[in-house]
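Understanding the architecture of this molecule
In case you want the letters, here they are:
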Amino acid sequence: PTKQQLLYEGKAKKIYATDEADVLWVEYKDSATAFNGEKKATITGKGRLNNEISSLLFMKLQEAGVANHFIQKLSPTEQLVKSVTIIPLEVVVRNVVAGSLAKRIGLAEGTPLEVPLVEFYYKNDDLGDPLLLEDHITILKLASREEIAQLKSEALKVNDVLRAHFAERKVRLIDFKLEFGRTTDGAILLADEVSPDTCRLWDAETNEKLDKDVFRRDLGSLTEAYEVILQRLGGESACI
Ligand code: C5P
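Conventions we followed
Residues numbered from 1 in each chain as written. Predicted model: local features only at pLDDT ≥ 70, side-chain atom pairs only at ≥ 80, totals over all residues. Helix = DSSP H or I, 4+ residues; strand = E, 2+ residues; numbered from the N terminus. Rg over C-alpha atoms; globule rule 2.2 N^0.38 Å. Buried ≥ 20, exposed ≤ 12 C-beta atoms within 10 Å, placed from the backbone. Contact = placed C-beta atoms within 7 Å. Pairing = 2+ DSSP bridges. Axes fitted to C-alpha atoms, helices over the stretch in contact; angles between N-to-C directions. Near = placed C-beta within 6 Å. Nonpolar A, V, L, I, M, F, W, Y, C, P; charged D, E, K, R; others polar. UniProt positions renumbered as here; feature names shortened; annotations may be inferred. Core = buried A, V, L, I, M, F, W, Y, C linked by C-beta atoms within 7 Å.

Points about the overall build of the protein
Per the secondary structure count, the protein includes 6 helices and 14 strands. The C-alpha radius of gyration computed for the protein amounts to 17 Å, which stays within 12% of the reference 18 Å derived for 240 residues, consistent with globular compactness. Considered along the principal axes of its C-alpha atoms, the protein spans approximately 50 × 50 × 35 Å. A burial count over the protein gives 35% of its 240 residues as buried. A separation threshold of at least 6 residues defines the contact pool for the protein, and within that pool the share at least 24 residues apart is 54%.

Put into structure tokens, the structure is as follows:
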């Protein structure tokens, strides 16, 4: 396919049309944002790291039977994906208490959860991405009951696959956020990205944070942390 017009520019990616109707061209940007866009920075190399990591993880998920939008990596910062209509939900899976869960329910960050927790948030910047109950999702007509059940079971399957994959590479998968979309025939497909921007990843031995919390909490070099993740996943490091 060939790259056509820019369709959408988000905080971390640009999405272009291609000459094929159901194929999109994604470019990962060197920008980092947090706290609903209040904190921003340009971080050279971040686009490449997230494109590489996301490509590897989408391929791993595909092998493991989790259908997703990834088609192929095009360049260090670009990939081709299947076009879907994104469902405006953030599906979060948690294995260990961290981030907003620690604040919401008062358990200490780092407390393991006996059973993975699945949460839904409304993708809506004006409302600040609020937590939604399943009944809220139904009232808002964002997804049917059957689809909600499917989103939950797919998210838990992603968790099983990625948790084991990271554990073999000495990384703890603390939590992550997924987005799903509908294809023209109504099937639900995992979409967006799976990267250290959207996952909390801690070193298995030291619990060092190797994810976007490095940026959110000013803990050091984000690209060094993401480079560790890429290397442990077997990816190629940059020729600097
Ligand atoms: O902030 P919170 O603890 O709810 O985040 C849970 C997980 O979802 C974290 O891995 C975080 O990186 C991810 N997340 C995301 N995009 C958001 C909100 C959370 O990728 N808008």
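Alright, that's what it looks like, and here's the rest.
Topic: the sheet that holds strand S6 (residues 70–75)
Sheet architecture is open: 5 strands sit in the order S1-S2-S3-S7-S6, paired in antiparallel fashion. The open sheet has two free edges, formed respectively by strand S1 (3–9) and S6, since each of these has just one partner strand. On average, each strand axis in the sheet is tilted by 30° relative to the strand beside it, whichever way the strands run. As paired strands, S6 and strand S7 (residues 78–82) are joined by 4 bridges and run antiparallel to one another.

Some thoughts on the site of the ligand
Taken together, the neighbourhood of the ligand is formed by 14 residues, with Gly99, Ser100, Lys177, Thr198 and Arg200 sitting nearest. Looking at the shell around the ligand, the elements with two or more residues in it are strand S9 (89–96), helix H2 (99–105), strand S12 (171–182) and strand S14 (199–203). Class assignment of the residues belonging to the shell around the ligand gives a composition of 5 nonpolar, 3 polar and 6 charged.

A few points about the UniProt feature "domain: SAICAR synthetase/ADE2 N-terminal" (unreviewed entry) in the protein
Those places that UniProt annotates as "domain: SAICAR synthetase/ADE2 N-terminal" (unreviewed entry) correspond, in this numbering, to residues 6–232. Within the segment residues 6–232, helix and strand shares are 30% and 35% respectively, and the terminal C-alpha atoms sit 33 Å apart.

Looking at the nonpolar core
Ranked by internal contacts, the top residues of the largest apolar core, which has 52 residues, are Val91, Leu173 and Leu201. Discounting residues that sit within four places of it in the chain, Leu173 has contacts with Asn95, Leu162, Arg163, Phe166, Cys199 and Leu201.

A closer look at unusual backbone geometry
Notably, Phe35 is not glycine yet its phi reads approximately 55°, a positive angle. In this structure, Phe35 sits in the loop between strand S4 (31–34) and strand S5 (39–42). We note that Asn36 has phi near 55°; this positive angle belongs to a residue other than glycine. Inspection of the secondary structure assignment puts Asn36 in the loop between S4 and S5.

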